[in-house]
Every structure is written in C-alpha cells, then in structure tokens.
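# Secondary and tertiary structure notes
For reference, the chains in residue letters:
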Amino acid sequence: MNIHVSYPSRLYSDKLSLDCGSTRICHDISVAIPDRGFTVIIGPNGCGKSTLLRGLSRLVRPSAGKVHLDGKVISDYSTREVAQRLGLLPQSAQAPEGIRVGELVSRGRFPYRRAFSTWSDEDERAVLAALQATSTLELIDREVDTLSGGQRQRVWIALALAQETPVLLLDEPTTFLDIAHQIELLNLLRNLKETGNRTLVAVLHDLNHACRYADHLIAMRDGRILFEGSPAEIITPSNIEALFGLRCVVISDPVSGTPLVVPR
Amino acid sequence: MNDRPSPVIADTTASPAISFPWRALLTALALCSLLLIVILASLSLGARDMSSHHVVDLLMAPDSSADSVVIWQMRLPRTVLGLLVGAALGLAGTLIQALTRNPLADPGLLGINSGAAFAVVVGLSLFGIDDAGVRLAAALGGSAFCAVLVYILGGSSNGKNQHTRLVLAGVAISVSLGACTGIITLFDSAVFDSYRFWAVGALNSPPPGLYSVLLPVIGLGAVIALSLGGKLNALALGDDLALALGAQPVQVRALSFLAITLLCGSATAAAGPIGFVGLVVPHALRLLVGQDWRWIMWLSPLAGAALVLVSDILGRLIVLPGELEVGIVCALIGTPVLLGLIIHFSRRSR
Ligand SMILES: Nc1ncnc2c1ncn2[C@@H]1O[C@H](COP(=O)(O)OP(=O)(O)O)[C@@H](O)[C@H]1O
Ligand SMILES: [Mg+2]
C-alpha cells in the first residue's frame, strides 16, 4: 500500500519522535517526501500535522530519530544553510503593523544576507519573481494590513518563495480563504511545483482538494502515519473511516477523475 | 541534488521591491544636523553665554581664560556624557521595543532602573559608601542582576505568551525592588539624601575616569545592537517563521538582553535613571522611517543623543539659576513631539 521511494529523497525522516513539553506528539515517524512532488498531509485536528512539519524543518528538536535533508542529518547544517534549502510557512506568521508588501516579502531573503550587507540585485530579482509568481506585484506598495485575506495569503507565499528554497513546507495555506481563493492558491502551488522545480508539502483540511492536487498523501492520526500513497490508492471508505471516524462513499471527481469523498 | 528552483525572470520595468530609503536618509541627515547644532548650543549656552564662534575657537585652541576653563572642564564633559547616555538609551529602547513588540515597553521594564537604584541604596545604607566610582559599579551590577533575573523569568521561553511573560516579569521585579528602595530610604534619611542626588538623573557632575568605563561598555552594547537589526526584522514575523528563515530567536533575545543591560545599565549608572528617551525614540523613528529595525537601530542613537542634549540645555535655561532634571525635561518635550507625530501620521494614513 505504501509508496516505497527507491532513491533517497531530499527530505526524509527516520523513526522521528517529537515531544511538546513532556507529551509525545509524533511517534516513530519514518516518511520520505517525494522530490518535486506535491505532498499533502491530512488528518484530524490535533493529530500532529503541524508538529511533524516543525520537526521536518528543525523547529522542534527530535526526541528520537533523525531528519535527513540533501544527504545529511538536518542538525549538521548551520541554520542559514537549512534556510537556504528548506522553507516553512507556519500558521503563526504575523506581519508587523504598517509594513508594506515589498518590504515583507523581502524579509524572505534573510538567509542570504549578512549582518551589515546591503540589498543585492540577486535579492531584488528573487523578490520581484516571487511577487510575480503569486500575482502580488501590483500590491507591492500596499500596506499588508489593508489587504484581503486571499491577497495576504499570497503575499506570505511570496515571502516563502523569495527564500528560493528547493523544498517548501506550508502549514494550512488555504485556511480562512473562500473556495475561489483556495482553488486559486492550490493552482498557484501546483504551478510552482510544475514550473519551479520545487518539492512542496502542505497541510490541507479539504480532503477533496487534497485528492485533486496531491501526488502523494500522508494520512496521520494520533501522531502516527496511518497510511500514505497516491490519492487513488489510499482514499477508500474504510481508510477514511479509520482516519476521521466518518462513514462515507468515494466516487470519482467528475472534473479531475480523482477520488471524491462524500460523507454519508 | 543541489539544483535550485528555476529562477523566474522578473519584469524589470516594475517598481523596485524596496523603494529607495529616502525617508530614512532624510531623517538621518536631519538628525545629524540637529545633533551638530545641539552640541554647539550645549557648549555655548548656560549661566555664561558665549558665541558659537568663540566656542569653536576655544575648542581648537584652548587658552587659560575663564571661558576656556568653563568649556573644557564643565560643558564639554557634560555634553559628551549627554551624547553617550542619550545614544545608549535610544539604542536600548529600540531593542526592548523590537523584542517585546510592546509600544509601551521601555528599557526600565527590564528592571534596570529599579535594580540600579536598589543597588545604589543598599551600597549607601550598608556600607555608607558615597563615592562616584563605587556608585557606578553598584548601579551597573544592580541593573545587570535585574536584567538576568527578568530574562530567566520571562525572556528565555519561546512560547506564544513570551512577550507577556517578559513584560509581567519586568513589572513585578521593578515594583518589588522599588518598594525595597522606598523602605530603605524612608527609614534612613542620610541615605535618602545621597540617593536623591543620584536619582534626579542629571548630567552635571560626571566623576573623573567615568569615560574609561562608559565608552567601552556602551561601545560594545552599540555594536551588538547594530548587528541585531536584520535578525529583529526576522523575529518580527513570529518565532516560527524567524526560525525557518535561519534566525535564532533564543540567541537574538539573549544578545538583546546583554546589549540592553550594557547600554541602559551604564547610562543609568552614569547619569541616574532617565526615563522616556527609550520610549519616545523608537516610536518616533518608526513613524518616520517605517518598520525596518536596521534603519531604526542606526538612527536611534542620533535621536536619543539629540533628545537628551536638548533636554539638558532646556533644563539649564528654563529655571536659571537653578536646573531642571534632564529626565523631567525629556518627558516634557518628548510627549508633544510624539503626540504631534501620531496625529500627523494618523491624518495622513486616512
Ligand atoms: N505548545 C504546545 N504545548 C503542548 N501541547 C501542544 C503544543 N502545541 C501543540 N500541542 C499538542 O500537540 C498536538 C498536535 O498539535 P498539532 O501538531 O498542532 O496538530 P495539528 O496541526 O494536526 O492540528 C495537539 O494535541 C496539541 O494539543
Ligand atoms: Mg496544525
């Protein structure tokens, strides 16, 4: 049932356990993130999805096991080196009051800058490219506080893109967006994966969106991986019931042909 | 394996991502000119007014005239002290506001003023020492002790409520030490008299040898503060994103505490507690130049020095032949400046 990645992925974990205080949140997780794929993590609230992303991006020190990035244990890199290879857009990001879009996105260039260095042409190119890719270029002089939720979310993604990391992890990037903006954002992410040579991982709540956009699904419950694989393989009524305790039927999405979960 | 994501060619006709920092440069220019004028005024004005021309002459070529003695022995040390103290307080205030994201945070929040005051009073009452050098050492030690205590209680954690914990720990320690200082001075009137002399926060009697302590300590604090601007920009996005960008919040916080203690502790030790500078300077600069802590950090020592010197000059002139303490004048002129800026910018942004 599981996909067995025959080559070492850029990013994989090996029996990773993560604690929050004295509680173990993630247990013994071995997971390989397919290179240049769009991996989506699903699972009920509080099952440890965010914690796993934080562990994979060395924001939480593992209590057991290791995370490997580009052939080395992630803690063997300097924080700057990791930040040039792997980006994370957490749920908790906050924009300073009154900051403008251009300036906020330019903070994504932090891993490339030294304490007293000046703004380089390379930084400028990366920021403009990130704004362009997220269609936020015309918002460049707007204050972030004055943007709509959809625009603001695209600006945060632009910040993560400006970091120019080959691997990008996104924690619930579509939360708080209306359906049209969710689809727009997911199309943007798929586009980035296809044209940008990037490896993407996102936590999504909408199962049907996950099935439509992901080429690899990781389903978590109670801090463990219940199953993983392509949507067509693993989205079955029995799996969904095991994962969410929800009885449902799975039909074929009339538009994309991917599984469509319909609750009973 | 090491392939970068393919670069997208950006549209080069678009406006630049970060527009040229005109506002910051203009502010820097204005502050430098203001500072120059204020330094000259600080040397020329007082009980014995001199023309600035005369002052410059005497600075270039000191002679044995009374004017020369007044300038070299009284006004120059006082002016230099004002510059150092103001610059240090401006930097420390910027650090604490960046760290707590609390627009009301002041370096005094870390218990630095109350720690220094307590140490001075304890030194006075237990050992009966009233020597400027010892007072300096006691104040520096007291503020460092308090800053470490506040850091352990509230600054080192990195949870969601870290900012609140920091503020609460600072307030709790300040208030309890303030009470202890109050009790000691209440029962010991000799101590109270000497303490009051220090606590008025004045620049008028820098002890000899002060600069050999003050300069390196403030210099070190300033270098640390200036190097943290970029990291504080990353921290302003939240701890998780800062970590993801490769900034280390715990390390940045510890370094900021160290710099604040060095800067504010030595300023307080040298000139007594001077409030308000650390509050008004970063506020005003943020309104003027925006959210980039690197610019604010570079401009804050200029603004702090200018504010303290202007206050000192006014304090000397307003109530001639007496003097008004520099801390009071800072608050008196800082408040309208701040209010004016807030009103101006809230109008503009509407
Ligand atoms: N700071 C924390 N302290 C204690 N427990 C936490 C903390 N953060 C998260 N948890 C717990 O960890 C579990 C997993 O959280 P999280 O990874 O955020 O789940 P998800 O993202 O899947 O909703 C939850 O049960 C939550 O209560
Ligand atoms: Mg979560």
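Since the structure is predicted, the reported quantities are computational estimates derived from the model, not experimental observations. (Residues numbered from 1 in each chain as written. Chains lettered and ligands numbered in written order. Predicted model: local features only at pLDDT ≥ 70, side-chain atom pairs only at ≥ 80, totals over all residues. Heavy atoms only, no water.)

## Concerning the overall build of chain B
Helix and strand content of chain B: 14 helices and zero strands. Start at the N end of chain B and walk to the C end: the helices and strands fall as α-α-α-α-α-α-α-α-α-α-α-α-α-α. Relative to its full complement of 350 residues, chain B shows a buried share of 51%. Nonlocal contacts in chain B, meaning residues at least 24 apart in sequence, comprise 75% of its contacts between residues at least 6 apart. Total accessible area on chain B stands at roughly 15300 Å², and carbon and sulfur atoms take up 71% of it. (Helix = DSSP H or I, 4+ residues; strand = E, 2+ residues; numbered from the N terminus. Buried < 20%, exposed > 50% of the residue type's maximum accessible area, 1.4 Å probe, protein only. Contact = heavy atoms within 4.5 Å. Areas by Shrake-Rupley, 256 points an atom, 1.4 Å probe, with all protein chains shown as cover.)

## Looking at the interface of chain A and chain B
The partner chain B presents 38 residues to the 53 residues of chain A that form the contact. Between chain A and chain B the total buried area reaches about 3800 Å² when both faces are included, carbon and sulfur atoms providing 56% of it. Summed over the three residues of chain A that lose the most area to chain B, namely Arg107(A), Phe110(A) and Phe116(A), the buried surface amounts to 17% of that side. The tally of links from chain A across to chain B stands at one salt bridge. Residue Arg54(A) pairs with Asp240(B) through a salt bridge whose shortest N-O separation is 2.6 Å. For the pair chain A and chain B, the number of links is eight residue pairs in polar contact (both at pLDDT 80 or more). Going through the elements one at a time, α2 (79-85), β6 (86-89), α3 (101-106), α4 (121-133), α5 (149-162) and α6 (179-196) of chain A are the ones with two or more residues in the side of chain A that touches chain B. (Buried area = accessible area lost by both parts, 1.4 Å probe. Salt bridge = Lys/Arg side-chain N within 4 Å of Asp/Glu carboxyl O. Polar contact = N/O pair within 3.5 Å; in protein donor to acceptor, adjacent residues only side chain to side chain.)

## Examining the pattern of salt bridges
Under the criterion given, the structure shown has 18 salt bridges over all chains. We note a salt bridge from Arg221(A) to Asp222(A), for which the minimum N-O separation is 3.8 Å. With its nearest N and O atoms 2.9 Å apart, the salt bridge here joins Arg253(B) to Asp239(B). Residue Arg253(B) is located in helix α11 (residues 249-271), and its partner Asp239(B) is located in helix α10 (residues 239-244); the two are separated by 14 residues in the primary sequence. Across this residue pair, the class does not change: Arg253(B) and Asp239(B) are buried. Here the salt bridges do not stand alone but share partners, grouping Arg109(A), Glu122(A), Asp123(A), Arg125(A) and Glu164(A) into one network.

## Looking at the layout of surface pockets
Taken as a whole, the second largest pocket holds about 1300 Å³ of empty space. Around the second largest pocket, the lining comprises 44 residues; the ones closest to its centre are Arg54(A), Leu59(A), Val60(A), Asp240(B) and Leu243(B). Elements supplying a minimum of two residues to the lining of the second largest pocket: β1 (11-20), α1 (49-56), β4 (64-69) and α2 of chain A together with α6 (162-187), α10 and α11 of chain B. Taken together, the residues of the lining of the second largest pocket sort by class into 15 nonpolar, 18 polar and 11 charged. (1 Å grid on protein atoms, 1.4 Å probe; cavity = no way out; pocket = protein on both sides within 12 Å on 5 of 7 lines; lining within 4 Å. Points joined across faces, edges and corners; volume = space filled by probe spheres on them. Nonpolar A, V, L, I, M, F, W, Y, C, P; charged D, E, K, R; others polar.)

## Considerations on α4(A)
Residues and elements named next belong to chain A. The end-to-end C-alpha separation of α4 is 18 Å, in line with the 18 Å expected for 13 residues at 1.5 Å each. In this fold, the buried residues of α4 make contact with α3 and α5. Count one or two residues on from α4 and you reach Ser 135, which has phi positive near 50°. (Expected span 1.5 Å × (residues − 1).)

## Section: the site of ligand 1
All names here are of chain A. In the neighbourhood of ligand 1, the contacting residues comprise Cys 20, Ile 25, Asn 45, Gly 46, Cys 47, Gly 48, Lys 49, Ser 50 and Thr 51. At 2.7 Å from an oxygen atom of ligand 1 is found a main-chain nitrogen or oxygen belonging to Gly 46. Contact between ligand 1 and Lys 49: an oxygen atom at 2.8 Å from a main-chain N or O atom of the residue. A total of 560 Å² of accessible area belongs to ligand 1 in isolation, and the protein chains cover 53% of it. Class assignment of the residues belonging to the shell around ligand 1 gives a composition of three nonpolar, five polar and one charged. (Near = heavy atom within 4 Å.)

## Structural notes on the confidence of the model for chain A
The pLDDT averaged across chain A works out to 91; a share of 97% of its residues lies at or above 70. The model gives residues 1-6 of chain A a pLDDT under 50, and that stretch makes 11 contacts with residues more than four places away or in other chains. (pLDDT = per-residue confidence, 0-100.)

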